[in-house]
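Coordinate analysis (summary)
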Amino acid sequence: MDRKLIFEKQSLCKASNYFGPDAALQDVAAVLPAAVLREELNLPSVGEFDAVRHYSNLANLSFSVDKNFYPLGSCTMKYNPKINEDMAALEGFIGLHPYQNEADLQGAMELMFNLQELLCKITGMSRFTLQPASGAHGEFTGMLMVKKYHDLSGKKKTKVIVPDSAHGTNPATAAMCGYRIVVVPSGADGLVDIDKLRQAVDSETAAIMLTNPNTLGLFEERILEIANIVHAAGGLLYYDGANFNALLGVTTPAAMGFDVVHLNLHKTFATPHGCGGPGAGAVGVGKALYDFLPVPAVNKAGSRYYFDNNLNNTIGKMRAFYGNFGVLVRAYTYLSRLGREGCLRVSQNAVLNANYIKEKLKSVYEVPFDKICMHETVFSCVKQKERGACAMDIAKCLIDHGIHPPTVYFPLIVKEAMMVEPTETESKETLDNFIAVMQTIDKLIDTDPEEVHNAPRTTPISRPDEVLAARSPDIRWKKSGV
Ligand SMILES: *Cc1c(COP(=O)(O)O)cnc(C)c1O
């Protein structure tokens, strides 16, 4: 594939003039009415073939779940059924405006209300809001409720407990709510060290933020003890349910003693979410925080749906209007198609797939906590590092074999971590191919180390300075010699 910018193609196109003098070149500036062109725009003019091929080839350079296996741990780049897109694009939905009257929005409100009810069943919580626009935003919403709850009770609460395996957004959220972070270390089994937790909890503990399964993909077996310890001190339990694939239809955060949860609808409930959006971090609460949710809540009286602004202790509004509605439509479609049985199968297959990969690869890649994992499994590439290739090298080498790299160097408590989440809908053939490629790369470290160190070799650029590329991307069109 050529690497020219569309601006450069325009010059070539004009220079070669292969369409003849009355070319079907689309001179954009000539087509637009003069009033639109407040200043002269440097818009490229190329033929249709060139335009379509240019963008098709660019799209082909991207890794995506539609093209490649995408075993990214903790982010659930998962199965996104195409029917979800059809539903989200229904004219009746996309033609709505949030300023319309409630009477005109009844169908959309019914969908939101039903989705809230489904999420209550799935989590065991009593009430949900669909307003927050991301997982981190959901955490912020949840912890603002926790803060208001304690403020109203008049007790002095200054600390939030976070395990050392937590997702980075957890301590960031607690800090944004003005709390001091107390980190509890994991024990040798990868689970919260209960004795250390006991020492960390006191009367000023506002909450613990936890995810179960934890970020090592392990189930916190002593969760009821943890709940008792925190509740006994007057603290609340916050559940980070960003990735809920392992628990759907099996158990609920409510049964584990949690008071507030967020779910990433864009992760677990099937919305494509690359490049940071759009998302939905739905938040559910139990009895303690029942009327602290943001307003407006979507409620039902008889057969009529209405926006309820009368929640006694509401923290107010978290976002304009009612959340990212398109994401809600996708989540509702996804859940409606699966039903109760389907949800259970999602979890069973997610857990089965992750354990299959763990068992097949554990003789080659170290598994720091070798027990049954949930929907994802964490390897450590320490043995490979001793032989000269770190987790990053192996991740980059996977690209040359047509596989998107898993999450690396997270969770922070595992050296040379590689976190694999296969997703429930991948076939055995795909998993076997991944396993074979991982074994091949391990051998390459000894037989052809250059291939591992120079990977990826099949992409336009190999290893950019990732921090620089993210902080100051160079996307300007530079006039080259063309
Ligand atoms: C992704 C994730 C979050 C944050 O969700 P965003 O939508 O990216 O803000 C929080 N916790 C866990 C465990 C996650 O995987």
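Right above here is the structure, for reference.
Keep in mind that what you see is a predicted model, and the values were worked out from it rather than measured.

In total, this model carries 10 aromatic pairs according to the counting rule given. Aromatic pair F93 and F325: ring centres 5.4 Å apart, planes at 65°, arrangement edge-to-face. Of this pair, F93 sits in helix 5 (residues 91–94) while F325 sits in helix 12 (residues 325–361); the two residues are 232 residues apart in sequence, bridging distant segments of the chain. Across the pair, exposure class does not vary: F93 and F325 are buried alike. Ring plane angle 85° and centroid distance 5.2 Å describe the contact between Y99 and F321, whose orientation is recorded as edge-to-face.

Right, let's get into the nonpolar core. Within the largest apolar cluster, 60 residues are counted, with the highest numbers of intra-cluster contacts made by L119, L197, L265, F269 and L328. Residues in contact with L328, not counting those within four places in the same chain, are L111, M112, L115, L130, L265, A280 and Y322. Counting 28 residues, the second-largest nonpolar core is a separate cluster that includes C381, A389, V437 and I445.

Another point: the site of the ligand. The local shell around the ligand holds 13 residues, among which S74, G135, D240, H266 and K267 are the closest. The separation between an oxygen atom of the ligand and a polar main-chain atom of G135 is 2.8 Å. A distance of 2.8 Å is found between an oxygen atom of the ligand and a side-chain nitrogen or oxygen belonging to K267. Elements that contribute at least two residues to the shell around the ligand include exactly helix 7 (135–153) and helix 11 (265–268). In terms of residue class, the shell around the ligand is made up of two nonpolar, eight polar and three charged.

Right, let's get into the sheet that holds strand 10 (residues 377–380). Pairing is antiparallel across the open sheet formed by three strands, whose spatial order is 10-12-11. The sheet is open, and its two borders are formed by strand 10 and strand 11 (407–408), each paired with just one other strand. Pairing analysis gives two bridges linking strand 11 to strand 12 (residues 417–420), with the strands arranged antiparallel. Residue pairing across strands places V408 opposite M418, the latter belonging to strand 12. The sheet contacts of helix 14 (residues 391–400) involve strand 11 and strand 12, and relative to strand 12 the element is tilted by about 40°.

The contact between helix 7 and helix 8 (residues 169–176) brings their axes to 9 Å, and the two run at 40°. If you check the angle between helix 7 and helix 8, you find them oblique. The hand of the helix 7/helix 8 crossing is right-handed. In this structure, helix 7 uses A136, E139, F140 and M143 to contact helix 8, whose residues at the interface are T169, N170, T173 and M176.

We now examine the sheet that holds strand 7 (residues 281–285). The seven strands lie next to each other as 1-7-6-5-4-2-3, forming an open sheet whose pairing is mixed. Edge positions in the sheet fall to strand 1 (127–129) and strand 3 (180–184), since each has one partner strand and no second. Ignoring which end each strand starts from, the neighbouring axes of this sheet average 20° apart. Bridge count for strand 5 (residues 236–241) against strand 6 (residues 260–264) is four bridges, and the pairing is parallel. Residue Y238 lies in a different strand from strand 6, and its bridge partner there is V260. Lying over the sheet, helix 7 contacts strand 2 (159–163), strand 4 (205–210), strand 5, strand 6 and strand 7, oriented at roughly 175° with respect to strand 5.

With that settled, the discussion passes to the pairing of strand 8 (residues 297–301). Direction of pairing for strand 8 relative to strand 9 (residues 304–308): antiparallel, over a ladder of five bridges. Bridging from a neighbouring strand, N299 pairs with Y306 of strand 9. Between strand 8 and the antiparallel strand that follows it, strand 9, lie two residues; G302 among them carries a positive phi value of about 65°.

Evaluated as defined, the whole model comprises 20 salt bridges. Linking D193 and K196 is a salt bridge whose minimum nitrogen-to-oxygen distance equals 3.8 Å. Between R222 and E225 there is a salt bridge; the shortest N-O distance is 3.0 Å. A residue is classified by how much of its surface remains accessible, and E225, at 31% relative accessible area, is partly exposed. Several salt bridges converge on common partners, so that one network encompasses D195, R198, R222 and E225.

Criteria and thresholds
Residues numbered from 1 in each chain as written. Predicted model: local features only at pLDDT ≥ 70, side-chain atom pairs only at ≥ 80, totals over all residues. Heavy atoms only, no water. Phe/Tyr/Trp six-rings, centres within 6.5 Å; stacked < 30°, edge-to-face > 60°. Helix = DSSP H or I, 4+ residues; strand = E, 2+ residues; numbered from the N terminus. Buried < 20%, exposed > 50% of the residue type's maximum accessible area, 1.4 Å probe, protein only. Core = buried A, V, L, I, M, F, W, Y, C linked by side-chain atoms within 4.5 Å. Contact = heavy atoms within 4.5 Å. Near = heavy atom within 4 Å. Polar contact = N/O pair within 3.5 Å; in protein donor to acceptor, adjacent residues only side chain to side chain. Nonpolar A, V, L, I, M, F, W, Y, C, P; charged D, E, K, R; others polar. Pairing = 2+ DSSP bridges. Axes fitted to C-alpha atoms, helices over the stretch in contact; angles between N-to-C directions. Parallel < 35°, antiparallel > 145°, perpendicular 65-115°, else oblique. Left-handed = near helix turned anticlockwise from the far one by under 90°. Salt bridge = Lys/Arg side-chain N within 4 Å of Asp/Glu carboxyl O.

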